[in-house]
Amino acid sequence: MCIRDRYQRRVHGGIDIKVNQDQDMTKTLLILSAILYISLCKTKEEWKSRVIYQLLTDRFAKDTPTNEGCQDLRSYCGGTFQGIMKNLDYIQEMGFNAIWISPVVENVDDNYMGYHGYHAKNFYKINPKFGTEEDLKALVDDCHKRDVWVMVDVVTNHIGPLKEHNYSQIFPFNKPEYYHNSCEIKQEDYLYNQQIVEDCWLHDLPDLNQSHPFVREQLNQWIRWLVDTFKFDGIRISSIPNVPKDFWVEFVQSAGVFSLGENSNDIENYVYDYLDSMDLSLIHISEPTRQAEISYAVFCLKKKKT
């Protein structure tokens, strides 16, 4: 569902934006500005025409170009939002007209190396290693001026690894009751035990319980805040099989923009089931070779006909 649909329903439901003589003009202009942004929301069909450049913020470009390499690939290497912005010409010259950036929220930073962005600590704070809120807004704004769309990676299944399960440092999910009990997911569970896939922990990462009313409400509020604050054109959702399908319906509606879900299972009917709640499904497939394991992705565009 496009974000404009959410606001159109509110307008049709009785919001009056006519300017009265005694009405605050500033407030009116803000409303009209929001409606203008909403009207530019990108649909699934429009996204299908885009060529997307995926990048890991920390590994793409520093603020200032340097020949100095990264000293420890397990830790942060210095890439920033400003570094991306300074290289938009390079991205466009290769023929790309959309970028997909790694998660932007603050990560757990205690020898766990969350440079990739998938170890959330504070959902409402931008990772200072990548820059400030203003830096991120400037990046998205510059992209839009160039007609480059921006998709942001988001994680709702888990948070970052914690020592002694000290949840007090996690915001807003700072209590043990917001998580499933610790248990292991095995690869065969994706074929035979969906309950374990949804309730157990992925790689020892504390698993959020989306059945808890507080968790469900907060995740929906957060994605609405993230999209509205930074004007993202789409979201890529990590680990969709690890969360109940009914949650994704609400979450995607709360985001209000194009949604792409990651699914590591390449079984056709398993993947298609998730297309009822989001626009596209991204499947990661790995094939062993003599030298290494090659991973690639395919997109599922529509639900299988029955």
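It should be noted that the structure appears before, not after, this text.
The following refers to the structure shown. Quick caveat: nothing in here was measured; it's all calculated off a predicted structure.

**Overview of the packing of aromatic side chains**
Now for step 1: Enumeration according to the criterion identifies 19 aromatic pairs in this entry.
Now for step 2: With centroids separated by 5.7 Å and ring planes inclined at 75°, the aromatic side chains of Trp 248 and Phe 251 adopt a geometry described as edge-to-face. Residue Trp 248 and its partner Phe 251 are both found in helix α11 (residues 245-255); the two are separated by three residues, about one turn of the helix. Of the two residues examined, Trp 248 and Phe 251, each falls in the buried class.
Now for step 3: Ring-pair connections join several aromatic residues into one group, and the members of that group are Phe 123, Phe 173, Tyr 178, Phe 214 and Trp 222.
Now for step 4: A cation over a ring is seen here: Arg 50 above Trp 149, with NZ or CZ 3.8 Å from the ring centre.
Now for step 5: A cation over an aromatic ring shows up here: Arg 59 above the ring of Tyr 115, its NZ or CZ 3.8 Å from the ring centre.

**Examining the packing of helix α10 (residues 213-230) against α11**
A pair of packed helices can be characterised by two numbers: the angle between their axes and the separation between those axes.
Now for step 1: Remark: α10 packs on α11, axes separated minimally by 8 Å, with the N-to-C direction vectors making an angle of 30°. In terms of their interaxial angle, α10 and α11 are classed as roughly parallel. For the crossing formed where α10 meets α11, the hand is right-handed. Residues Arg 216, Leu 219, Asn 220, Trp 222, Ile 223, Arg 224 and Val 227 of α10 pack against Asp 246, Phe 247, Glu 250, Phe 251, Ser 254 and Ala 255 of α11.
Now for step 2: Along the lines of polarity and charge, the residues of the contact of α10 with α11 split into seven nonpolar, two polar and four charged.

**What about the nonpolar core?**
Now for step 1: In this structure, Ile 99, Ile 101, Leu 136 and Ile 235 are the most contacted members of the largest nonpolar core, which totals 55 residues.
Now for step 2: Of all the elements, α10 adds the most residues to this core, at seven residues.

**Side note on the packing of helix α7 (residues 133-145) against α10**
Now for step 1: Where α7 meets α10, the axes come as close as 9 Å, and the angle between the chain directions of the two elements is 65°. Between α7 and α10, the residues in contact are Glu 133, Leu 136, Lys 137 and Val 140 and Trp 225, Thr 229 and Phe 230, respectively.
Now for step 2: Class assignment of the residues belonging to the contact of α7 with α10 gives a composition of four nonpolar, one polar and two charged.

What counts and how
Residues numbered from 1 in each chain as written. Predicted model: local features only at pLDDT ≥ 70, side-chain atom pairs only at ≥ 80, totals over all residues. Heavy atoms only, no water. Phe/Tyr/Trp six-rings, centres within 6.5 Å; stacked < 30°, edge-to-face > 60°. Helix = DSSP H or I, 4+ residues; strand = E, 2+ residues; numbered from the N terminus. Buried < 20%, exposed > 50% of the residue type's maximum accessible area, 1.4 Å probe, protein only. Lys NZ or Arg CZ within 6 Å of the ring centre and 35° of its normal. Axes fitted to C-alpha atoms, helices over the stretch in contact; angles between N-to-C directions. Parallel < 35°, antiparallel > 145°, perpendicular 65-115°, else oblique. Left-handed = near helix turned anticlockwise from the far one by under 90°. Contact = heavy atoms within 4.5 Å. Nonpolar A, V, L, I, M, F, W, Y, C, P; charged D, E, K, R; others polar. Core = buried A, V, L, I, M, F, W, Y, C linked by side-chain atoms within 4.5 Å.

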